Amino acid sequence: MRALRRTGGELVALVVATVVFLVPFSFMLLTAVKDESQAQDLDFAWPTSWPIVENFTAVIQARDYVLLRAYVNSTILTVGSVALIVVFGAMAAFVLQRRAGRVGTLADFLVLSGLIIPPAIVPTIWLLQALGLFKTMPGLILVEVAFNLSYAVLLFRAFIAAIPRELDEAAMIDGCSGLRLFFRVIFPLLRPVTITVILTSSVTVFNDFVNPLYFLPGDDNATVQVTLYNFQSQYSTQWNLLFMDIVLITIPPLVLFVFFNRKIVAGMTAGAIKG
Amino acid sequence: MTRQDAGPRTGPGRAPDRRRDRTARGRQRSAYPYVLYLPAAIVYVVIFAVPTVMAFYFALTRWTLFDSEFVGLQNFRDFFAEQNLRIGFTNTLIYAVVTSGLKVVLGLLLGVLLTSRLRLRGFLRSVVFFPVLVSTVAVGFTFTALLRPDTGLVNRALALVGVDGPDWLGDATTALLSVAIVDVWKGVGIATVIYIAGILSIPQEYYQAVAVDGGGAWHRFRHVTMPLSWPATYSVIILSFIGGLRSFDLIWTMTRGGPGFTSDTIASIIYKQYQAGFFGLSTAGNVILFVVVTAIVVPLNWFLGRRQATP
């Protein structure tokens, strides 16, 4: 009897979770492969025809291949900012963890502020304009770095705390200190946490909509999230194309998730528990 | 901080002996130079800290990016005098409270469920977590379609059981809450994995003790799991409050603050005023958001942190 109730409870939980979490995704996929008139119903019916290739090419070719250009832009943005986040964040976290003092306290405070304070939008635009970086890719990359550094520093610092200081001291005896100590000895040891930081910040930057909207407006260098947003007004009647676009944009995080499930989850919880 | 034997100073190219009475500290300085802070500090200070500080000045001006005219507290007065701006203030608070409340409750329940002996545990964990990684814009559009008044799947499902569902996003009374619930759908995965980590770190002895005393499942939950997963609750509340107070993209993709201004939050008003060219007013919104976030999160962090110390 007890076992029966157990299985029953399991079943209910399973069904509810499946409906709540999988129905939206199946809906995305189904609508993406329907033809235009059937997609208009926005229902859960099985597709009567399967114009997958047509929808795919229509989305790719839309507005003079804007999606492909957006993919290139998003890739540049993600790779550029994640590389800087990793190097700058690890360097800062190393000194922050190893060297206490007034500067350390200030840095601690700034890291925490970076996690909590919402960025001031228009003053940032004003500043980027003064530097000649507004509406440029390098400008947006620096914005992403500045806004995501704190989280990376937090993860790196927790990991560096577990690296014994004796190692630094041994390296120092061999005449290795400062930048060389960091890049030759410490940074290679950070590989596991570096991978975690790369994964979590890639997902954040790739999925970011707000910052490209503010700091990199315009069609030429739109990122995938912004193009998806612009697609909506253009394809307000062609739901199949809109959802094909959504599916295409969801693929990169899905691939990362399939391969690095544990790392991503660990990265996203570690920072939370420590912070 | 005092390390007795940090190694002899035999490093080449450096002559720290020349500096008088710098023993441990002197050596430390050479090993962990502040130069390592420099790249991060430059980007952070220039792109993030300077604008944050400047916002306090520009919020007091009428501003065109090129020149600014000092108008005192006029922008703030506008913000709180005009109904369609003031509503953003209350909406932001409602949104943050609803999303973080639901994330705590549902995250805890899912966490308990997904640490029990469920056969499809791994699969379910992935399913619950995956929406976290999907772009907010994509989630927003998908749910806009699902929540459409006549043809949307949600209302059709409700019609099957005889309920006449409202126009979720088009009705002033439901728009904000509908977006908040979609936010919970997308974000509950983080809360769940935080709770899973918290629950798994509870020592088994406590559960055994309850079993010895003849306590049931409710007892286990109420007197062991709930109190001992407090650090997780703390993290979830802080995280979702920070996220909820500044949330913009989901609201913007689903309702654009509509119908009218009824689902505007401070962050969406900042964007609207920026688009309309009222840069000073937009920056005043940023300052208000700054004040709201710090005024809520800092005391909350302190209060919850204190409770954590004495469980």
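- Going by an unreviewed UniProt entry, chain A carries the name ABC transporter and comes from Nonomuraea aridisoli.
- According to the UniProt record, the Sequence similarities (unreviewed entry) comment for chain A is "Belongs to the binding-protein-dependent transport system permease family."
- Under Subcellular location (unreviewed entry), UniProt gives the following word-for-word description of chain A: "Cell membrane".

A short note on the overall build of chain A
Working step 1: Counting secondary structure elements, chain A contains 12 helices and zero strands.
Working step 2: Of the regular secondary structure in chain A, the N- to C-terminal order runs α-α-α-α-α-α-α-α-α-α-α-α.
Working step 3: Its C-alpha radius of gyration of 23 Å places chain A more than 25% over the 19 Å reference for a compact globule of 275 residues.
Working step 4: C-alpha extents for chain A along the principal axes are approximately 75 × 70 × 30 Å.
Working step 5: By the burial criterion, 47% of the 275 residues in chain A qualify as buried.
Working step 6: When contacts within chain A are restricted to residue pairs at least 6 apart in sequence, long-range pairs at least 24 apart make up 76% of them.

Remarks on the UniProt feature "transmembrane region" (unreviewed entry) in chain A
Residues and elements named next belong to chain A.
Working step 1: The feature "transmembrane region" (unreviewed entry), as annotated in UniProt, sits at residues 12-33, 76-97, 109-128, 140-160, 181-206 and 239-260 in this numbering.
Working step 2: Counted over residues 109-128, helix gives 80% and strand 0%. Its end C-alpha atoms are 24 Å apart.
Working step 3: From the first C-alpha to the last, residues 140-160 spans 29 Å; its make-up is 100% helix and 0% strand.

Concerning the interface of chain B and chain A
Working step 1: On the side of chain A, 75 residues touch chain B, which itself brings 78 residues to the contact.
Working step 2: Residue composition of the side of chain B that touches chain A, grouped by class: 56 nonpolar, 18 polar and four charged.

Things to note about the confidence of the model for chain B
Should the pLDDT be low somewhere, the predicted coordinates at that spot are not to be read in detail.
All names here are of chain B.
Working step 1: With 89% of its residues at a pLDDT of 70 or more, chain B has an overall mean of 84.
Working step 2: Within chain B, helix H1 (residues 24-31) has the poorest average pLDDT of any element, 52, and helix H2 (residues 38-58) the best, 93.
Working step 3: Counting interchain partners and residues more than four positions distant, the pLDDT-below-50 stretch residues 1-23 has 24 contacts.
Working step 4: Long-range and interchain partners of residues 25-29, a stretch whose pLDDT sits below 50, account for six contacts in this model, where long-range means more than four residues apart.

Focus: the packing of helix H4 (residues 83-115) of chain B against helix H11 (residues 230-245) of chain B
Residues and elements named next belong to chain B.
Working step 1: It is the contact of H4 with H11, at a shortest axis distance of 8 Å, that shows an interaxial angle of 150°. Judged by the angle between their axes, H4 and H11 are roughly antiparallel. Our pair here, H4 against H11, has a crossing hand that is right-handed. On H11, the residues touching Thr92, Tyr95, Ala96, Thr99, Ser100, Lys103, Val104 and Gly107 of H4 are Thr233, Val236, Ile237, Ser240, Phe241, Gly244 and Leu245.

Cut-offs applied
Residues numbered from 1 in each chain as written. Chains lettered and ligands numbered in written order. Predicted model: local features only at pLDDT ≥ 70, side-chain atom pairs only at ≥ 80, totals over all residues. UniProt positions renumbered as here; feature names shortened; annotations may be inferred. Helix = DSSP H or I, 4+ residues; strand = E, 2+ residues; numbered from the N terminus. Rg over C-alpha atoms; globule rule 2.2 N^0.38 Å. Buried ≥ 20, exposed ≤ 12 C-beta atoms within 10 Å, placed from the backbone. Contact = placed C-beta atoms within 7 Å. Nonpolar A, V, L, I, M, F, W, Y, C, P; charged D, E, K, R; others polar. pLDDT = per-residue confidence, 0-100. Axes fitted to C-alpha atoms, helices over the stretch in contact; angles between N-to-C directions. Parallel < 35°, antiparallel > 145°, perpendicular 65-115°, else oblique. Left-handed = near helix turned anticlockwise from the far one by under 90°.

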